[in-house]
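Observations on the model geometry
Residues per chain, in single letters:
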Amino acid sequence: MNLKPDTLRKIDEAITHYPVKRSAALPLLHLVQEDQGYLSDEAIEWIAARLELQPINLYELVTFYPMFRRHPIGRRHIRICRTLSCALTGGYPVFEEFRRQFGCDLNEVSADGEVTIEFVECLASCGSGPIVMIDDDLYENVDVAKARVLADKIKAEAAKRP
Amino acid sequence: MPAPVQRRILLAHIDEPGYTSDIDCYLRHGGYGVMKRAIARQPEELIDEVKKSGLRGRGGAGFSCGLKWTLVDRKSGKPVYLVVNADESEPGTFKDRHLIHQDPHQLIEGIMITCWANNVRQAYIYIRGEFPQGARILERAIQEAREHRFVGRNILGTAYSCDVFVHRGAGAYICGEETGLIESLEGKRPYPRIKPPYFPAVLGLYQCPTIVNNVETICHVKHIADMGGDAFARIGTPNNTGTRIYCVSGHVRRPGYYEFEVGRITLGQLLYEVCGGPRPGRTFKAVIPGGSSAKVLKFGERFRVKLREGSMAEWSVEDIPLDFDYLSACGTMGGSGGVIVMDDSVNMVEALANINAFYAHESCGQCTPCREGSLWMRKITTRMVHGGARAQDGELLQSVADQIAGRTVCAFGEACAWPTQSFVQKFGDEFRQYAETKKTAKPVTPLV
């Protein structure tokens, strides 16, 4: 495993937070996924060894918790809330607009590797829906027009990348 | 009832221009002063204040906070843990997000007072994975508090030490259920535990006595320690004390979060006077008053309710006071305070299809009735909105829902059954009509 020094430091720190090592499973899965982009077999086995667990103890988490993924995603992660309050205020058309803008299907990586679009359950910002999360940033009251602006911004940032 | 005026205790500084989440700002506003006074008192006195306050949990169940603390097994010799439930996963609820993002030190002060009162040496904040910024804000705030000796070793120069760590979830609704949350914190799948014997107060985290309280509840503890339990109990209404944050979303002109004394505002006042009423040209059709699990209320239905003083009253939806008891008396619940409003543009079959998709996605799969039932409810409502509705679908949905509620380890069974039961019961004509017209989903706003 080729993890960044900062990730390794955070992993060491996270383990000290609990009297039982297994409790650090979710924190380590998050840290390794942030470092590597996804959780490979190698990553899962590495975490298992680090926590003195069997790989199955990690596989059962990765296959349960929706935020963990076994495959790489696009450079930008677009998550649109699907749940009732956002749907009532127009979440579905926003989702369709993002799909149209990037020409990719749900949960798939766009052809240029730039984005992955996900429809997720409640992001707990229901009063200002539709809600879109791009990477770690939250965007509120996103209508179709605003979705286009956000998509254009992502495209412009991609074009600038060397 | 008089015109509603917000009573902002928890939200006192939230959205105030210039108020920031750093400790200097909090200290300038008198921050950690209550904790300093609390730590000079006996822990039992603080537990008594919380008992006297009548505070009921703000996460959804409305269980007495003082009683929860009293039930903690203090004779076992095992450490007592505090776990703050910041999973905020009930659809329609977004108060904890703002309490965390905009005033994290209020929460940390509440945590430290709770820890002192209950002799806790280690607390965890279980925050949903979808709040990466919230987790960073809390981690920074805890570090600041550590540097000021409000958290960590030898707090405020005393012999008392207690640390707080942030633990991130990873997108599973069931982690909001307290025993599921504990399993998750132990590094497992969040399958809820069966009660008895696994009451967290006795056999919680690492099989040790554990207090699990919601973010808003813990923030209230700070203010109870400040003003005293009796003063807190005078806010709100009997058995429904203090203030609470109502989160309004959906079809109103001014959605948002508003803090009122519990029970001193009606649903009608909240929706018309505070939130500005329906959108132009629309009328209200239905409202879910306590997060998406709560049974739906239909505008136009009437309720006969026994008032606290003993007399009977007949209420419309608009007349219901927003508290725990009267909402229960009207067949629904105050839950998490998430009020989801639907106007006459909404078809209730489509709205239920949206809700059912959520619960089918989130069922943890441990108990067969819930795992299979939530899936079948989704399949049926999805089929209905895609042109395959049948006349008997309402009864079929009802029958599936009836076979889930009460037959599961945790309350998810009820949470996923109540929407279907109430939608079919109250809007049965729309379910029948859907079958007759073979309507396909081409609504004003698609919900599925």
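The structure reproduced in this document is the subject of the present report. (Residues numbered from 1 in each chain as written. Chains lettered and ligands numbered in written order. Predicted model: local features only at pLDDT ≥ 70, side-chain atom pairs only at ≥ 80, totals over all residues. Heavy atoms only, no water.)

This part takes up the packing of aromatic side chains. Counted according to the given criterion, the structure contains 22 aromatic pairs over all chains. Their ring planes at 80° and their centres at 6.5 Å tell us that Phe94 of chain B and Tyr257 of chain B sit as a pair that is edge-to-face. Of the two residues, Phe94 of chain B sits in the loop between strand E1 (80-86) and helix H5 (95-102) while Tyr257 of chain B sits in strand E8 (residues 256-261), which places them 163 residues apart along the sequence. Given a relative accessible area of 2%, Phe94 of chain B falls into the buried group. Residues Phe423 of chain B and Phe427 of chain B carry aromatic rings whose centres are separated by 6.4 Å and whose planes lie at 50° to one another, so their mutual orientation is tilted. Assessed through its relative accessible area of 2%, Phe427 of chain B is described here as buried. What links up through ring pairs into an aromatic cluster is the set Tyr18 of chain A together with Tyr81, Tyr124, Phe165 and Tyr206 of chain B. Above the plane of the ring of Phe131 of chain B lies Arg128 of chain B, whose end atom (NZ or CZ) is 5.5 Å from the centre. Over the ring of Trp376 of chain B we find Lys379 of chain B; its NZ or CZ atom is 4.2 Å from the centre of that ring. (Phe/Tyr/Trp six-rings, centres within 6.5 Å; stacked < 30°, edge-to-face > 60°. Helix = DSSP H or I, 4+ residues; strand = E, 2+ residues; numbered from the N terminus. Buried < 20%, exposed > 50% of the residue type's maximum accessible area, 1.4 Å probe, protein only. Lys NZ or Arg CZ within 6 Å of the ring centre and 35° of its normal.)

Interfaces are often sized by the amount of accessible area the parts lose when they come together. Chain B puts 57 residues into the contact, and the matching count from chain A is 40 residues. Between chain B and chain A, a total of about 3,900 Å² is buried, with carbon and sulfur atoms accounting for 61% of that surface. Residue Glu34 of chain A pairs with Arg168 of chain B through a salt bridge whose shortest N-O separation is 3.2 Å. If you look at where chain B meets chain A, you find 22 residue pairs in polar contact (both at pLDDT 80 or more). If you list the elements that add at least two residues to the side of chain B that touches chain A, you get strand E2 (120-127), helix H7 (132-147), strand E3 (163-168), helix H8 (178-185), strand E7 (243-250), strand E13 (338-343) and helix H14 (348-362) of chain B. Classifying every residue of the side of chain B that touches chain A by side-chain character gives 32 nonpolar, 15 polar and 10 charged. (Contact = heavy atoms within 4.5 Å. Buried area = accessible area lost by both parts, 1.4 Å probe. Salt bridge = Lys/Arg side-chain N within 4 Å of Asp/Glu carboxyl O. Polar contact = N/O pair within 3.5 Å; in protein donor to acceptor, adjacent residues only side chain to side chain. Nonpolar A, V, L, I, M, F, W, Y, C, P; charged D, E, K, R; others polar.)

This part takes up the pairing of E1 of chain B. Residue and element names in this part refer to chain B. Burial analysis of E1 places 7 of its 7 residues in the buried class, the great majority of the element. Burial along E1 is two-sided: Val80, Leu82, Val84 and Ala86 and Tyr81, Val83 and Asn85, pointing in opposite directions, are all buried. Looking at chain direction, E1 and strand E4 (residues 210-214) are connected through 5 bridges and run parallel. From the neighbouring strand, Asn85 faces E4, where its bridge partner is Asn214. (Pairing = 2+ DSSP bridges.)

Moving on: the pattern of salt bridges. Residue and element names in this part refer to chain B. Enumeration according to the criterion identifies 48 salt bridges over all chains in this entry. Salt-bridge contacts for Asp48 lead to Lys51; the nearest nitrogen and oxygen are separated by 4.0 Å. In this pair, Asp48 and Lys51 are both assigned in helix H3 (residues 43-53), 3 residues apart and thus about one turn of the helix distant. The salt bridge partner of Asp343 is Arg279, with a shortest N-O separation of 2.9 Å. Taken together, the positions of Asp343 in strand E13 and Arg279 in the loop between helix H12 (267-274) and strand E9 (284-288) put the pair 64 residues apart, joining distant regions of the chain. Given the relative accessible area of 0%, Asp343 is considered buried. Residue classification places Arg279 among the partly exposed residues on the basis of a relative accessible area of 28%. Residues joined by salt bridges that share partners form a network here, namely Arg41, Glu45, Glu49, Lys52 and Asp230.

Residues and elements named next belong to chain B. One can describe the packing of helix H6 (residues 104-118) onto helix H10 (residues 215-227) by two numbers: an axis separation of 8 Å at closest approach and a directional angle of 75°. With respect to H10, the axis of H6 lies roughly perpendicular. For the pair formed by H6 and H10, the contact residues are Gln106, Leu107, Glu109, Gly110, Ile111, Ile113 and Thr114 on the first element and Val215, Ile218, Cys219, Val221, Lys222, His223 and Ala225 on the second. (Axes fitted to C-alpha atoms, helices over the stretch in contact; angles between N-to-C directions. Parallel < 35°, antiparallel > 145°, perpendicular 65-115°, else oblique.)

Here the focus is the side chain of Glu49 of chain B. All names here are of chain B. With respect to the element layout, Glu49 can be found in helix H3. Of note is the side chain of Glu49, whose polar atom sits 2.9 Å from the side chain of Arg41. Not counting the four nearest positions on each side in its chain, Glu49 is found in contact with Arg41, Ile224, Gly228, Gly229 and Asp230.

Within a sheet, each strand pairs with its neighbour through backbone hydrogen bonds, oriented either parallel or antiparallel. Residues and elements named next belong to chain B. Read from one edge to the other, the open sheet built from 5 strands follows the order E8-E7-E13-E9-E10, with strand pairing classed as mixed. Looking along the sheet, the strands with just one partner apiece sit at the ends: E8 and strand E10 (297-298). For E7 and E8, the ladder comprises 6 bridges, and the chain directions are antiparallel. From the neighbouring strand, Ile245 faces E8, where its bridge partner is Glu259.

All names here are of chain B. Most of E9 sits inside the fold, with 5 of its 5 residues counted as buried. When E9 meets E13, the two strands line up antiparallel, connected through 4 bridges. When the sheet's bridge partners are listed, Phe284 is paired in E13 with Asp343. Bridge count between E9 and E10: 2 bridges; the pairing is antiparallel.

A few words now on the environment of Met35 of chain B. Residues and elements named next belong to chain B. Relative to the assigned elements, Met35 resides in helix H2 (residues 33-39). Owing to a relative accessible area of 0%, Met35 belongs among the buried residues under this scheme. For Met35 and Arg153, which are 118 residues apart along the polypeptide, the C-alpha to C-alpha distance reads 15 Å. Residues in contact with Met35, not counting those within four places in the same chain, are Glu109, Met112, Ile113, Phe150, Ile155 and Leu156.

Turning our eyes to something else, we now look at H8 of chain B. Residues and elements named next belong to chain B. Here H8 lies mainly inside the structure; 8 of its 8 residues are buried. Listed in full, the buried residues belonging to H8 are Glu178, Thr179, Gly180, Leu181, Ile182, Glu183, Ser184 and Leu185. Where H8 terminates, the next one or two residues include Gly187, which has phi positive at roughly 90°.

This paragraph deals with the nonpolar core. Tyr65, Ile78 and Phe98 of chain A together with Met342 and Phe423 of chain B are the most contacted members of the largest nonpolar core, which totals 103 residues. Sort the elements by how many residues they give to this core and H14 of chain B lands first, with 8 residues. Beyond its immediate stretch of four places on either side in the chain, Tyr65 of chain A contacts Leu26 of chain A together with Tyr126, Ala170, Ala172, Cys175, Ser184, Lys188, Arg189 and Pro190 of chain B. Among the nonpolar cores identified, the runner-up in size contains 66 residues, and Ile100, Cys115, Ala201 and Ile211 of chain B belong to it. (Core = buried A, V, L, I, M, F, W, Y, C linked by side-chain atoms within 4.5 Å.)

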